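Chain residues, written in single-letter form:
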Amino acid sequence: MDTLLDINNLSVSFNNGQSNVTAVKSISFQIYKGEIVCLVGESGSGKSVAANSVMRLLDESKTMVIAERMSFMSKSGECLDILQLPKDKLPGLRGQEIGMIFQEPMTSLNPVIKCGDQVAEGLLIHGLESTHSVKDKVLELFKEVGLDDSKRIFDSYPHQLSGGQKQRIMIAMAMACNPSLLIADEPTTALDVTVQKKILEALKELCRNKGMAMLFISHDLNIVKQLADKILVMFKGEIVEQGSTLEVFNHPKHPYTKGLLSCRPPLKTKLRILPTLSDFIGNTEAKKLISNRLPDNNIITRQEHESAFKSLSSVEPILKIKHVTTSFTQAGMFFWNKKKVFKAIQDISFVLYPGEVLGLVGESGSGKSTLGRTICRLLDSESGSVTYRNIELANMPENEFRVFRKNIQIIFQDPYASLNPSMKAGDAILEPMIVHKLCANKQERIEKVYSLLESVGLPAESFHKYPHEFSGGQRQRISIARALSLNPEILICDESVSALDVNVQAQVLNLLNELRSKFNLSMIFITHDLSVVRFICDRVMVMKNGRLEEIGTVEQVMDNPASDYTRLLLESVPE
Amino acid sequence: MNKQAITFKSMPFNMKVAVGFISLVLLFAIAGRFIANDVPIYYSHKDWKGFPAMNKTSFLAFKQKNEDVEPDFQILPLIPYSATSIDYKHSLSKPGQDVGSRHLLGTDTFNRDVLAGIIYGSRTALLIGILSNILAVIFGLFLGSLSGYYSSVGVVTGRQNFIFLLMIEILLGYGLLYNPYVSVYIYNTQVRLLLFFILTILSVYMLLRPQRKNFRLDIDLLITKSVEIFQSVPGLLLLLGISAVTGTMDVVKLTLLVSLLRWPGITRLVRGEVIKVRQSQFIESAKSLGVTDWRVIAKHILPNITRQIIVAFAFGVASSILLEASLSFLGLGLPPDQVTWGMLLSQSRTNPAAWWLAIFPGLMISLLILACYTVGNYLNNRTGETSSKEEII
């Protein structure tokens, strides 16, 4: 087979004025014609940087790209040296030879231009179509990427389409000029599982039909299993393992790959403790922080879990939700316009037992976050009742409710956005205690902060650090410590582990499991990831379009789903 | 976020020059009377001694007793004229015209030294520039953060609070500023203006305390509309009107009036920035922890917009200095016995031949404004730089 892209000893370093950061350390790989290569690694491993340097998309004044060889076989059979290519030849390389799909379909499209025109633009710039024939070509492209209603979509603006449709348009755009290499940078990360599955299938089919090669970048090993011919695993800027898909999955050589493969909670079995990378890579410090020795009998059987849940559910529920409806109103442009009402959740009822973890599953837009926010009164409900230990919370005035806030705590998804960047970690944990006047004096509060830092596995010197000095997982630990500082009884985790890398996700999940028994917490665990649900939850609730689809124990729902929608969700999870 | 301290060494050259010039003007403002004065800084003669530059009385008594006697020992200031000392021999003399006179930059129509005027005028310029902006920032931060924080939600407040606010704004506003009967009791206009500022802040603060009969007040609408009303009136016209009612100007009154023109802009800026920060998740997180609104604003929102406020302050100082100068130029500013740069400049209008009256004060005004802009730009760029750095890595 012919080599399409040949990269030998590529290094990329950033210079930010004061220091040099090397993001990619002398990596080498080849992509053959028509081959699907997947580049896998956690955030910060340099995988996107490597891909961007192939397109020469990096800011050249601030980065240094060195490579022994970085050549690309163009369509005309010419061998291009990408690094030496003059600036005026770059547009020819981008688009015509190499197409690119980005992660965020919501922001990669221009909101004021019709989708069809955006796709046509690339064709016109490269002079591949005339203005008369371009529309037919675009419609044809739309059909190829699986957009059925292509005429309507041609005339739609991006906000009128769903995330999956937008991503398909991005694919059509990247494919418009018939490139021989497609670079897809986490194209499905922002999408729901069911959509993700369809997009992956579409991508694979397109590559096979057109004989196009693809460099697919992902942080998740499992989703590339069906897709890839070859897998490259990146860790801290280096490629630690490369081989065919079967080889990597069946006989991983590098401990990092082994770790990545086992960090993800399994979908079919419930584990006591999740393995983390430190179990595979001998990092003594990390081992000390989270003493997670894997027990011999790590699998919780169905009988065991069901009997444990029975004892949990034998007592009076701590929280009762009855017929809760929450809606958003959108005012019109003029005051005489009628307000539009959108019901985000409708008529939801359930109970939460003390010490229980209730999973809340659904696709984006299903109202699961709205429900979480309604319970802790970040949103006001329209009707229905939220009863906490026989106290009705739903209609309580805000200043009276403030006392109860310490009993119901919420942890958010984005660890980067949920901490105040100008507040030290210690002060952030201290603040809720000051507000609620917990503990007798300042000294006691500070001592409590240190004990909390210890119980979430952070070193004591974290007290005086600012959030930007921590990694994503550490920040999420600070958020957890902050919520726990008020001794809450109910903890709502709103996609709290979704933004984290698999390894960090496993660590945080283990931590939450540990804290749950230590502090006797009841949790509502909002997530879109069913394997996480299997690991941490006792019961699970499936939501669709703001309505309750199904509720039951994890075993009931995930082994014998009653509704079709749950079955669809389960089938979409990549294995 | 870059926590690296701003040091003089790390600044670019133009910033060093700007800081140097501002320090020079600051030195003039603080120690002007020791640099330019018609009395010595220190003198001693037998039993007499003292610091006439700070307190003239003993020196005047000494002069009266011993006429035409120079003291035994005296330290004279660099420039032997104060801004108000009148040199009868030299009227409108060119710089370096008369040999023996020490008018380095010439004299003005009232026979006063221009250099001394520039040195004394820097105090007025800085005082009005900085003080008026401090006042405007306090006012703007308060109203802007309330407006931004409660925009689209409104604030639950008691009816009597709202009525109190209206009373303050209409009755007291009218009464304090225009009503002759009130001015009998509170004679001092500065006190009246300050009282109006303080009462407004107090009454808005009262709005945030719910009482028995509550309703949801769209405080954002209230504040943005008053900002719009203020900004729809031309600034100079407003000052003209108010100064016509309140009589002769002095530094404090002028400061208050200039800040009256500055607050709407700062309120707008703060409102926008607060709305931007308010959408961050850490605000929602703080709310879910039960942190009170006041604490959220003070501890979580304001520390994240300090950079923008500082930049706005630097630019604001520049525009306030310009405003003061143009007021003095139009003759609406301070009375002629108080030397300001704008007043020196305005004399060149009637004496077009006296180029030194136009060049030197004009240069000072332009250079100071340029320096303020340089500082503002520098601070602005530093914030921009750090955020783009974070994006790369």
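Only a predicted model underlies this, so the values are computations on that prediction, with no experimental measurement involved.

**Re the overall build of chain B**
Scanning chain B from terminus to terminus reveals 14 helices and five strands. When contacts within chain B are restricted to residue pairs at least 6 apart in sequence, long-range pairs at least 24 apart make up 72% of them. For chain B, the accessible area works out to roughly 19,700 Å², and carbon and sulfur atoms hold 65% of it.

**With respect to the interface of chain A and chain B**
Counting residues at the interface gives 32 residues for chain A, matched by 24 residues for chain B. Both faces considered, chain A and chain B share a buried interface measuring about 2,500 Å² in area, 56% of it formed by carbon and sulfur atoms. Summed over the three residues of chain A that lose the most area to chain B, namely Arg 402, Asn 420 and Glu 431 of chain A, the buried surface amounts to 17% of that side. If you look at where chain A meets chain B, you find two salt bridges. Glu 284 of chain B serves as the salt-bridge partner of Arg 373 of chain A, at 2.6 Å between the closest nitrogen and oxygen.

**Description of the pattern of salt bridges**
Summed over all chains, the structure comprises 27 salt bridges over all chains. Across the pair Glu 186 of chain A and Lys 47 of chain A runs a salt bridge whose closest N-O atoms are separated by 3.5 Å. With Glu 186 of chain A in the loop between strand 8 (181-185) and helix 8 (193-210) and Lys 47 of chain A in helix 1 (residues 47-54), the pair connects residues that are 139 residues apart, well separated along the chain. Residue Glu 273 of chain B pairs with Lys 276 of chain B through a salt bridge whose shortest N-O separation is 3.6 Å.

**What about the packing of aromatic side chains?**
Applying the stated rule across the entire model yields 13 aromatic pairs over all chains. Ring geometry for Tyr 450 of chain A versus Phe 463 of chain A: centroids 5.1 Å apart, planes at 25°, classification stacked. Taken together, the residues Tyr 450 of chain A in helix 16 (residues 442-455) and Phe 463 of chain A in the loop between helix 16 and helix 17 (472-484) connect sequence positions 13 residues apart. Given a relative accessible area of 31%, Tyr 450 of chain A falls into the partly exposed group. Considering the side-chain rings of Phe 139 of chain B and Trp 263 of chain B, the 5.3 Å spacing of their centres and the 85° angle between planes classify their relative orientation as edge-to-face. With Phe 139 of chain B in helix 3 (residues 114-149) and Trp 263 of chain B in helix 9 (residues 251-278), this pair connects stretches of sequence that are 124 residues apart.

**Re the sheet that holds strand 9 (residues 213-218) of chain A**
Residue and element names in this part refer to chain A. Taken in spatial order, the six strands line up as 7-8-9-3-10-11 in an open sheet, and their pairing is mixed. Each edge of the sheet is formed by a strand with only one pairing partner; in this case those strands are strand 7 (98-101) and strand 11 (238-244). Direction aside, the axes of adjacent strands within the sheet are offset by 15° on average. In the sheet, strand 10 (residues 230-235) pairs with strand 11 via six bridges, with the strands oriented antiparallel. Among the inter-strand pairings, Met 234 is bridged to a residue of strand 11, identified as Ile 239. Docked against the sheet, helix 1 engages strand 3 (36-40), strand 7, strand 8, strand 9 and strand 10, running at close to 150° with respect to strand 9. The sheet strands contacting helix 10 (residues 255-263) are strand 3, strand 10 and strand 11, and the helix crosses strand 10 at an angle near 100°.

**So, the pairing of strand 22 (residues 539-544) of chain A**
All names here are of chain A. By the criterion of burial, strand 22 is predominantly enclosed, with five of the six residues buried. Sheet analysis places strand 16 (residues 357-361) next to strand 22, joined by four bridges and oriented parallel. From the neighbouring strand, Leu 358 faces strand 22, where its bridge partner is Arg 539. Counting the residues between successive antiparallel strands, the hairpin from strand 22 to strand 23 (residues 547-553) contains two residues, one of them, Asn 545, with a positive phi of roughly 50°.

**Structural notes on the side chain of Thr 553 of chain A**
Mapped onto the fold, Thr 553 of chain A is located in strand 23. Dropping the residues within four chain positions of it, Thr 553 of chain A is found in contact with Glu 306, Phe 309, Asp 538, Arg 539 and Val 540 of chain A.

**Concerning a nonpolar patch on the surface**
Residues and elements named next belong to chain B. Side chains of Leu 127, Ile 130, Leu 131, Ile 134 and Ile 138 sit close together on the surface and give an oily, nonpolar patch of about 380 Å² of accessible area. Mapped onto the fold, Ile 134 is located in helix 3. When its relative accessible area of 37% is taken as the criterion, Ile 134 is described as partly exposed.

**Some details on the packing of helix 4 (residues 115-125) of chain A against helix 7 (residues 163-175) of chain A**
All names here are of chain A. Packing of helix 4 against helix 7 brings their axes to within 8 Å, and their N-to-C directions diverge by 20°. Relative to helix 7, helix 4 is oriented roughly parallel. Pair helix 4 / helix 7 crosses with right-handed handedness. Here Cys 115, Gln 118 and Val 119 of helix 4 come into contact with helix 7, specifically with Ile 169, Ala 172 and Met 173. Considered class by class, the residues forming the contact of helix 4 with helix 7 number five nonpolar, one polar and no charged.

**Brief notes about the sheet that holds strand 2 (residues 48-50) of chain B**
Strands pair in a sheet through their backbones, by hydrogen bonds, and they do so in one of two ways: parallel or antiparallel. All names here are of chain B. In space, the three strands of this open sheet follow the order 2-1-3, with antiparallel pairing throughout. Each of the sheet's edge strands pairs with one partner strand only, and the pair in question is strand 2 and strand 3 (73-75). Strand-to-strand twist of the sheet, defined as the mean angle between neighbouring strand axes without regard to direction, takes the value 10°. In the packing of helix 2 (residues 57-65) onto the sheet, the strands contacted are strand 1 (42-45) and strand 2, and the crossing angle to strand 2 comes to about 150°.

**Thoughts on helix 4 of chain A**
All names here are of chain A. Regarding helix 4, the residues found buried are Cys 115, Gly 116, Gln 118, Val 119, Ala 120 and Leu 123. Among the structural elements, helix 5 (134-144), helix 6 (150-154) and helix 7 are those in contact with the buried residues of helix 4. Positive phi appears at Gly 127, one or two residues downstream of helix 4, with a value of about 70°.

**Focus on the environment of Ile 199 of chain A**
Residue and element names in this part refer to chain A. Here Ile 199 is to be found in helix 8. The class of Ile 199 is buried, set by a relative accessible area of 0%. Here the alpha-carbon distance between Ile 199 and Ser 218, two residues 19 residues apart in the chain, equals 14 Å. With residues up to four places along the chain from it excluded, the contact list for Ile 199 reads Gly 164, Gln 167, Arg 168, Ile 171, Thr 188 and Leu 191.

**So, the pairing of strand 9 of chain A**
Residues and elements named next belong to chain A. Strand 9 sits mainly inside the fold: six of its six residues count as buried. Taking every second residue as pointing to the same face, both faces of strand 9 are buried, with Ala 213, Leu 215 and Ile 217 on one and Met 214, Phe 216 and Ser 218 on the other. Here five bridges tie strand 3 to strand 9, and the two strands are oriented parallel to one another. In the strand pairing of strand 9, Leu 39 is matched with Ile 217. Judged from the five bridges that link them, strand 8 and strand 9 form a sheet pairing that is parallel. Paired with Leu 181 across the strands is Ala 213, a residue of strand 9. With respect to chirality, the unit in which strand 8 leads through helix 8 into the neighbouring parallel strand 9 is right-handed.

**Focus on the confidence of the model for chain B**
All names here are of chain B. In the predicted model, chain B carries a mean pLDDT of 80, and the fraction of residues at 70 or more is 89%. Taking the mean pLDDT of every element in chain B, the minimum, 58, falls on helix 5 (residues 180-185) and the maximum, 90, on helix 3. Low pLDDT, under 50, characterises residues 385-393; the stretch is placed with ten contacts to residues that sit more than four places away or in other chains. For this predicted complex, the interface score ipTM comes out at 0.76, while the overall pTM is 0.78.

Rules used throughout
- Counting restarts for each chain: residues are numbered from 1 in the order of the written sequence.
- Following the order in which they are written, the chains are lettered starting with A and the ligands numbered starting with 1.
- Reporting of local features is limited, given that this is a predicted model, to residues whose pLDDT is at least 70; pairs of side-chain atoms are given and counted only at 80 or more, and all residues count toward the totals for whole chains, interfaces and linings.
- Side-chain measures here rest on the full set of heavy atoms in the structure, leaving out hydrogens and waters.
- Runs of H or I in DSSP of at least four residues are treated as helices and runs of E of at least two as strands, each being numbered from the N terminus.
- For this analysis, residues touch if any pair of their heavy atoms sits within 4.5 Å.
- Surface exposure here means Shrake-Rupley accessible area, sampled with a 1.4 Å probe, where a residue is shielded only by the protein chains that are shown.
- Note on definitions: buried area is the accessible-area loss of two parts on being combined, 1.4 Å probe, summed for both.
- What counts as a salt bridge is simple: a side-chain nitrogen of Lys or Arg found within 4 Å of a carboxyl oxygen of Asp or Glu.
- For Phe, Tyr and Trp, where Trp contributes only its six-membered ring, two rings pair if their centres lie within 6.5 Å, and the inter-plane angle classes them as stacked under 30 degrees, edge-to-face over 60, or tilted in between.
- Exposure categories follow from relative accessible area, calculated using a 1.4 Å probe and restricted to protein chains: below 20% of the type maximum is buried, above 50% is exposed, and the middle band is partly exposed.
- By this definition, two strands are paired if DSSP reports at least two bridges between them.
- In this description, a line fitted to the C-alpha atoms serves as the axis of each element, helices being fitted only across the stretch in contact, and the angle between N-to-C directions of two axes falls anywhere from 0 to 180 degrees.
- To count toward a patch, a residue needs a relative accessible area above 30% and no salt bridge. Like charges then connect within 9 Å, nonpolar side chains (Val, Leu, Ile, Met, Phe, Trp, Tyr) within 5 Å.
- Between 65 and 115 degrees an angle is taken as roughly perpendicular, under 35 as roughly parallel, over 145 as roughly antiparallel, and anywhere else as oblique.
- With the far helix as reference, a near helix turned anticlockwise by less than a right angle produces a left-handed crossing, and one turned clockwise produces a right-handed crossing.
- Classification used: nonpolar for Ala, Val, Leu, Ile, Met, Phe, Trp, Tyr, Cys and Pro, charged for Asp, Glu, Lys and Arg, polar for all others including Gly.
- Clockwise travel from the first strand over the helix to the second, with the strands pointing away from the viewer, marks a crossover as right-handed.
- Values of pLDDT, the confidence the predictor places in each residue, fall between 0 and 100.

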